[in-house]
Structure formats: structure tokens, C-alpha cells
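Each chain, written out:
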2 protein chains.
Amino acid sequence: MMELTRKGEYAIRGIVYLAGRPTDKVCLLNDIATAVDVPSTFLAKIFQQFSKIGLVKSFRGTGGGFMLGRAPENITLLEVVEAVEGPIVPNRCVVNPSDCDRSGYCNVHPVWKRVQDEVCKALAGVTLKELAAEHKAK
Amino acid sequence: MMELTRKGEYAIRGIVYLAGRPTDKVCLLNDIATAVDVPSTFLAKIFQQFSKIGLVKSFRGTGGGFMLGRAPENITLLEVVEAVEGPIVPNRCVVNPSDCDRSGYCNVHPVWKRVQDEVCKALAGVTLKELAAEHKAK
DNA sequence: CCCTAAAAAGATATATATTGTCTTTTTTGT
DNA sequence: ACAAAAAAGACAATATATATCTTTTTAGGG
């Protein structure tokens, strides 16, 4: 339950890789796909979604490719995940409260709210800069 | 993303209802299903799963039905959810770390661990007793 | 202006998971 | 023996996930 899809995983891999590249030049989709081991046609769809909301900037034609849309320290993991998976909704009652008052008041509802809150907080607390950073030997 | 399935929702409804009934007598599956507005054939499958792990006790034959397997204050929402949805796994790397070290060390991994932890904590912090309680007018 | 590189867009395909239903079997009390 | 009730198993429709392939649009370079 509550599992990230392949699409979400791929999305993170791709954009984290991009965040680790020099910011002054574009990356080819195929290079990214190869580097992070994702089917390039699938990654293309993902990056199209990123592009639409400005998470990445795309350049078409010869010399084209992708760049991060903003500085990596200003993009959170939450944004990335929600860009491709939609909003964090542990139960539909959280998005549509009318489902919830099936019989008066539902005691479970606040729990899902809490879950939603905690997940968002955890994901919003990490930026692409941190994710792209070389890890220290442990 | 991270959405409870119908099955999970139904499971909660069913067992919370059971927790709100007198503990000294059995409930018929059909009565529960009707009360919580769930297809009874579907709820049957769910309660079979509950029964196997002892969350509920089942009695077959005439006069049979279901009872809670333990006192409602000793059953957490986490147990109920995991009984039908499986473990809380926000990303498969959390369950199978070998997926994770695709390229050395993955900075995202601890975030998923954290998410897993927070969700479990939130769900484990609520018992059926609380969920079955009449809510106070607010 | 043409050619090529590259992303965007759209159509299609397959596999898996979800959400059930229906039938048969087993158990149990009367 | 009969009836009530859960257990078990087979089946089916739908939705979602996971892609792939083709065509179109855009842009740069000669």
C-alpha cells in the first residue's frame, strides 16, 4: 500500500540526475534516460509533465534538451512526486469530504489528514540539491 | 498517489462497526455489510483475511458470525490496514534495499524510510476503540 | 530553403491490480 | 437430516500501470 509507482521512481531519478549536472547546459533526454536506466520513451512523457509546470525547461530542435526550471535548492521532492503522481491523498475522503460523512462523523478522517500532512512534510523537507549531492562515505 | 483502496476502506468500515457492537455476541456478515454499505461478498473476503490473523474470530454454521478477536483498544488502525493492504511501503527500495544502491548510495532512500515511519506511527496511534466511539458534538 | 536533431503529441499494446460476483464446500446448531 | 452461516475457489469486468511506436512540431546549421 501507498507505494510509489515506477513512473514516480523514474521521475525522481531523472530530475535528480539533472539537478546533479552543470546548470549552464542542456541535457539530452536520451543521455538522462541512459544514465538513470529508464526507458527513454517513458522518461519523455515524464519530462513533458515536468516541462508543463516549469519544473524543467525544454528546448526543442537541434541543440535542444532539458534544464532544471529552477535552482535545485528551490525544488522539493514533494513537487516532483506530485507532478507525476498527483496530490498526496491517503484516502479519497481527504479530498472529497462528502464521502466521509457517510454516517454522521467519521473518526478515521482526521487520521488520514494527519497521514497526508506527515507525508507532505517529509517530502517537502527535501530539495533536489540535497538529493543530488554526492554522499559522504559512511 | 498513496491512496487506500476500496478494500482498505471497506475493511476499516467493517471492523470499526464490529468494534462498536456489543462484544458478547456475534455479528452476521450480511448485517455488517448492510450497515456499512459494502458488497457482502467483498466484505466476506476481507473478513476471511482478518480471521486468518486473528483480528476477528469467526464462527461457522447456524448461529455463527463474527466477533472481534481482541479488545478494541488493543487493535490499531495500522494492523487493520496492513491486514488487507499489506505492509506500508512507500517505495520498494524500502523493502528491498538492493534496488536502492543502483549507483552507490541513494539519497532518497532515507526520505522514504521516514515517510514509512511517520505513516506507521500515525496509524499505530489509533485504536478501534477510539474509532468506534461516538463522536462528541463539536 | 532544406536537412537534421530534438522534444511534443498522440495512438496503441500489454500486464497487472482492483473490484467485484457466483458457485461450491465445509462447518455447526437444531 | 436440514438449514444457516462462513470458507474457498473460479471467474469477469474495469481501471491503472507500464510502456512502445509513429507522427508532428520546433529550431539550428549549412
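In case you missed it, the structure is sitting above this.
Residues numbered from 1 in each chain as written. Chains lettered and ligands numbered in written order. Predicted model: local features only at pLDDT ≥ 70, side-chain atom pairs only at ≥ 80, totals over all residues. Heavy atoms only, no water.

A. A look at the relation of the copies chain A and chain B. With an RMSD of 0.0 Å, chain A superimposes on chain B once it is rotated by 180° and translated 0.0 Å along the axis. Between the two chains, the operation in question is that of a two-fold axis. The rotation axis passes nearest to the C-alpha of A:M2 in chain A, at a distance of 1.8 Å. A share of 100% of the interface residues of chain A reappears at the interface of chain B, consistent with the copies meeting face to face through the same patch. (Least-squares fit on C-alpha atoms with pLDDT ≥ 70 in both. Contact = heavy atoms within 4.5 Å.)

B. Examining the interface of chain A and chain B more closely. Facing the 39 residues of chain A at the interface are 39 residues of chain B. Surface buried jointly by chain A and chain B totals about 3600 Å² across both partners, of which 61% is contributed by carbon and sulfur atoms. Linking chain A with chain B are two salt bridges. The partner of B:E3 in a salt bridge is A:R92, and the shortest N-O contact between them spans 3.9 Å. Where chain A packs against chain B, one counts ten residue pairs in polar contact (both at pLDDT 80 or more). (Buried area = accessible area lost by both parts, 1.4 Å probe. Salt bridge = Lys/Arg side-chain N within 4 Å of Asp/Glu carboxyl O. Polar contact = N/O pair within 3.5 Å; in protein donor to acceptor, adjacent residues only side chain to side chain.)

C. Representation of the protein's contact with DNA strand D within the structure. As a matter of local geometry, DNA strand D sits amid 26 residues, with A:Y10, A:R60, B:L29, B:K45 and B:S58 nearest to it. For DNA strand D, the backbone portion of the atoms within 4 Å of the protein, that is sugar and phosphate, comes to 64%. Contact distances for DNA strand D include 3.0 Å between a phosphate oxygen and a backbone N or O atom of A:R6. At 3.3 Å, a side-chain N or O of B:R60 approaches a sugar or linking oxygen of DNA strand D. Among the secondary structure elements, those contributing two or more residues to the surface near DNA strand D are helix 1 (6–19) and helix 3 (40–52) of chain A together with helix 3 (40–52), strand 1 (56–59) and strand 2 (65–68) of chain B. The biggest single contributor to the surface near DNA strand D is helix 3 of chain B, with four residues. Partitioning the surface near DNA strand D into residue classes produces eight nonpolar, eleven polar and seven charged. (Near = heavy atom within 4 Å. Helix = DSSP H or I, 4+ residues; strand = E, 2+ residues; numbered from the N terminus. Nonpolar A, V, L, I, M, F, W, Y, C, P; charged D, E, K, R; others polar.)

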